[in-house]
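Now for the letters of each chain:
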Amino acid sequence: LGIAVFLLVFTLFVNKKVKYIKFLSSEVKVIKDEDFGKTIEVRGQDELAELCSSINNMSLELREKIDNEKKIEQNKNELITNVSHDLRTPLTSILGYVDLLKQNGFEDKEKFVEYISIIDERSKSLNTLINELFEYTKLNSHDIKLNYSTVEIGSLVEQLSGEYSLIFKKEGLELISEIPEEDIFVDIDIQMIVRALENLLINAKKYSVRNSQVLVKLLQESNDIVISVENKVENISQDDLDNLFERFYKVDKARKTGDSTGLGLSIVKRVVELHKGLVKAELINGVIKFKIILLVQN
């Protein structure tokens with residue numbers, strides 16, 4: 001009788017496990033054929049339950065990888081589409097004026113000088129677009145490494161503001177910097193942070209209301225330093241503000257110039273992210289303020 005009871009219990013136990021194994025096999029086939037990311041019901045706490053949990057983890061990880069690959073592919077296609085559009089504008093202009101030069105030769109000196117000047121301007125614009133694209137692609141590569149060094153950030157910001165002051169003056173803008181007297185040291189990749197600040201200054205130069213001021217400010221808040229660039233703007237809405245750091249986003253005013261891929265602020269965001277920092281924009285009473293927040297050296 002004892003043997004019979006044992007065999008009965010054992011058979012029921014084995015049948016239960018066999019049914020669960022068949023269930024797992026069936027569900028794994030569904031995951032393979034239909035959709036990674038699906039999970040299987042975990043029953044019990046034995047080895048089969050652990051196996052089921054492992055399958056679930058694998059399914060979720062594969063779904064995430066597939067989604068990432070799709071996103072990468074989508075981003076690549078978007079990159080090609082947007083860059084093709086932006087590069088075509090100055091290139092078409094260059095080819096057009098070269099064709100005019102071929103037709104008219106050098107007979108009209110004034111026209112010749114005018115066409116050469118336009119070709120030169122469009123060529124520089126094209127070079128800017130290509131460099132911007134190259135820089136953005138480089139910053140988003142998986143193997144990028146930062147070259148950290150300890151820097152007195154106040155001197156860096158002050159020097160950069162001084163270099164751009166004359167450029168702003170030619171555009172009818174006054175660049176003012178407010179830098180604290182005490183030294184503030186941070187560990188940064190100097191080249192990258194300089195590029196991010198330059199992009200903010202270029203953005204301010206492009207969008208500022210003429211005959212107004214652009215304020216560059218550095219201050220320390222607890223364990224963070226904040227570098228801000230603020231300027232008076234027109235025709236920028238809250239919707240624009242929410243999308244400024246998105247790749248290829250350009251407000252209508254910028255699109256007319258044809259000298260930007262819309263990657264400038266995206267580059268700023270990426271640089272700050274690589275430094276484990278934060279960048280954000282605020283719009284108050286027609287004044288836009290960009291803030292870069294970095295961790296102070298301990």
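Residues numbered from 1 in each chain as written. Predicted model: local features only at pLDDT ≥ 70, side-chain atom pairs only at ≥ 80, totals over all residues. Heavy atoms only, no water.

So, on to the overall build of the chain. When you go through the chain residue by residue, the secondary structure sums to 8 helices and 7 strands. When the 298 residues of the chain are sorted by exposure, 36% land in the buried category. The long-range fraction of contacts in the chain, counting pairs at least 24 apart against all pairs at least 6 apart in sequence, stands at 69%. Surface summary for the chain: the accessible area is close to 18800 Å², and the carbon and sulfur share equals 53%. (Helix = DSSP H or I, 4+ residues; strand = E, 2+ residues; numbered from the N terminus. Buried < 20%, exposed > 50% of the residue type's maximum accessible area, 1.4 Å probe, protein only. Contact = heavy atoms within 4.5 Å. Areas by Shrake-Rupley, 256 points an atom, 1.4 Å probe, with all protein chains shown as cover.)

We now examine the environment of Leu244. Structurally, Leu244 is set in the loop between helix H6 (238-243) and helix H7 (252-255). With 21 residues separating them along the chain, Leu244 and Leu265 place their C-alpha atoms 6.8 Å apart.

On to the packing of aromatic side chains. In this structure the tally under the stated criterion is 2 aromatic pairs. Seen from their ring centres, Tyr164 and Phe168 are 6.5 Å apart, and the 75° between their planes marks the pair as edge-to-face. Linking Tyr164 with Phe168, this pair stays in helix H4 (residues 153-170), spanning 4 residues, or about one helical turn. Accessibility expressed as a relative area gives 11% for Tyr164, which makes it buried. According to the relative accessible area criterion, Phe168 is buried, its value standing at 0%. (Phe/Tyr/Trp six-rings, centres within 6.5 Å; stacked < 30°, edge-to-face > 60°.)

Here Asn231 shows up in strand S5 (residues 224-232). Its relative accessible area of 2% is what places Asn231 among the buried residues. For Asn231, the side chain forms a polar contact with the side chain of Ser208, separated by 3.1 Å. Once residues within four sequence positions are removed from consideration, Asn231 is found in contact with Ala204, Tyr207, Ser208, Gln213, Val214, Gly286, Val287 and Ile288. (Polar contact = N/O pair within 3.5 Å; in protein donor to acceptor, adjacent residues only side chain to side chain.)

The mixed open sheet is built from 5 strands, whose spatial order is S2-S4-S5-S7-S6. Two strands in the sheet have a free side with no partner beyond their single neighbour: strand S2 (173-178) and strand S6 (278-284). Taking each pair of neighbouring strands and ignoring which way they run, the sheet shows an average axis angle of 15°. Inspection of the sheet shows strand S4 (residues 212-221) paired to S5 by 8 bridges, in the antiparallel sense. Looking at the pairing, Glu221 lines up with Asp224 of S5. Each of S2, S4 and S5 is contacted by H4, which is oriented at about 170° to S2, the strand it contacts most. (Pairing = 2+ DSSP bridges. Axes fitted to C-alpha atoms, helices over the stretch in contact; angles between N-to-C directions.)

Turning our attention to the pairing of S5. Of all 9 residues making up S5, 7 are buried, and the element is well covered by its neighbours. With antiparallel pairing between neighbouring strands as the criterion, S4 and S5 make up a hairpin whose turn holds 2 residues, including Ser222 at a positive phi of roughly 55°. Across 9 bridges, the pairing between S5 and strand S7 (residues 287-295) is antiparallel. Across the sheet, Glu230 pairs through a bridge with Lys289, a residue of S7.

On to the packing of helix H5 (residues 190-207) against helix H8 (residues 264-274). Angle between the axes and distance between the axes are the two parameters that describe a pair of packed helices. Where H5 contacts H8, the two axes come as close as 9 Å, and the packing angle between them is 150°. Regarding the angle of H5 to H8, the classification is roughly antiparallel. The two elements H5 and H8 cross, and the hand of that crossing is left-handed. For the pair formed by H5 and H8, the contact residues are Met192, Ile193, Arg195, Ala196, Asn199, Leu200 and Asn203 on the first element and Gly264, Leu265, Ile267, Val268, Val271 and Leu274 on the second. (Parallel < 35°, antiparallel > 145°, perpendicular 65-115°, else oblique. Left-handed = near helix turned anticlockwise from the far one by under 90°.)

Here the focus is the nonpolar core. Within the largest apolar cluster, 51 residues are counted, with the highest numbers of intra-cluster contacts made by Ile153, Ile225 and Ile292. When residues of this core are assigned to their parent elements, the largest contribution, 9 residues, is made by H5. Apart from residues no more than four positions distant in its own chain, Ile292 is found in contact with Ala196, Leu197, Leu200, Ile225, Val226, Ile227, Val268, Val272, Leu278 and Val279. Ranked by size, the runner-up nonpolar core spans 7 residues in total, among them Leu24, Ile40, Cys52 and Ile55. (Core = buried A, V, L, I, M, F, W, Y, C linked by side-chain atoms within 4.5 Å.)

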